[in-house]
Amino acid sequence: MPRLLHIDASAVHDGSVSREVARSFREAWDGEVVYRDLGARPVPHLMAAGISARYAPAQEHDAEQATAAFLQEALVKELLEAEAYLFAVPMYNFGAPSTFKAWLDHVLIPGRTIGMSPDDSPIAGRPATLISVRGGAYGPGTPREGWDFADPYLRRILTSVFGLDLTVVTAELTLAETTPAMAPLREAAAASQAAAHVAAREHARRISARSLV
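Since the structure is predicted, the reported quantities are computational estimates derived from the model, not experimental observations.

**Q** Honestly, unusual backbone geometry in this entry has me stumped. Any pointers?
**A** Peptide bonds are, in most cases, trans, and in most cases residues other than glycine have a negative phi. Backbone geometry places N93, a non-glycine residue, at a positive phi of 50°. When you line up the elements, N93 lands in the loop between β3 (84-90) and α4 (98-107). Phi is positive for F94, close to 75°, though the residue is something other than glycine. Along the chain, F94 turns up in the loop between β3 and α4. Residue classification places F94 among the partly exposed residues on the basis of a relative accessible area of 26%.

**Q** Looking at this structure, how should I read empty space enclosed by the protein?
**A** Over the atoms rolls a probe the size of a water molecule, and its path tells where empty space is left. Taken as a whole and judged by the stated rule, the model has one cavity of 30 Å³ or more. Of the voids in this model, the largest cavity is the one considered here, and its volume is about 40 Å³. Residue lining of the largest cavity: V89, P90, M91, S132, V133, R134, D148, A150 and D151, and that is the complete set. Of all the secondary structure elements, the ones that give two or more residues to the lining of the largest cavity are β3 and β4 (127-133). A breakdown of the residues in the lining of the largest cavity according to their chemical character gives five nonpolar, one polar and three charged.

**Q** Can you help me understand the sheet that holds β3 in this one?
**A** Paired through backbone hydrogen bonds, the strands of a sheet run either parallel or antiparallel to each other. One open sheet accounts for five strands, arranged β2-β1-β3-β4-β5; its pairing is parallel. In this open sheet, the two edge strands, each paired with only one partner strand, are β2 (32-37) and β5 (165-171). Between one strand axis and the next, the sheet turns by 15° as a mean value, whatever way the strands run. Sheet strands touched by helix α1 (residues 17-28): β1 (3-8), β2, β3, β4 and β5. Its angle to β3, the strand with the most contacts, is close to 160°.

Rules used throughout
- Residues numbered from 1 in each chain as written.
- Predicted model: local features only at pLDDT ≥ 70, side-chain atom pairs only at ≥ 80, totals over all residues.
- Heavy atoms only, no water.
- Helix = DSSP H or I, 4+ residues; strand = E, 2+ residues; numbered from the N terminus.
- Buried < 20%, exposed > 50% of the residue type's maximum accessible area, 1.4 Å probe, protein only.
- 1 Å grid on protein atoms, 1.4 Å probe; cavity = no way out; pocket = protein on both sides within 12 Å on 5 of 7 lines; lining within 4 Å.
- Points joined across faces, edges and corners; volume = space filled by probe spheres on them.
- Nonpolar A, V, L, I, M, F, W, Y, C, P; charged D, E, K, R; others polar.
- Pairing = 2+ DSSP bridges.
- Axes fitted to C-alpha atoms, helices over the stretch in contact; angles between N-to-C directions.
- Contact = heavy atoms within 4.5 Å.

Pasting the structure below:
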């Protein structure tokens, strides 16, 4: 059975659109799942001990380095052993949540998970789904065009660094329901979320079948 690494990055549990769309994906996924909830159990930021531990023999690690190395090894193992990936990442303050960036910092290791080109990554070509959720709209012609620093960054890392075969499922205008000034956009918001749920389910079925071949 194909193994999926599913990572939720939303700090919110009840009412989180990224989590809800990810659940739609999971309902259609046919295979094993390894799940990590960075909202409930964030990993610590990468500190000096975690960096220095990468370049020192294990027998020379002090206690702080050993703890950091143990965590990094667990995260890298999850990444390398998965056959497909589901990243549910909302936009916070125009960027990706710091919890997801912290996770990336632990698993982006030259010579281990990434190389000189995307094709050099040991996970290159594996299917990945990014659930990209944002409270407003940031496309061409919108007042906030150019303010989305989450989606471009994540696409670049997941494709040009990890070499993953990435599909992005987007839900936007998620704040329309609770923001009076956005009331005229509520119909568009509902349509965006409905389309995201459909796309998530369909893509899960597609890559489950592909992984089983």
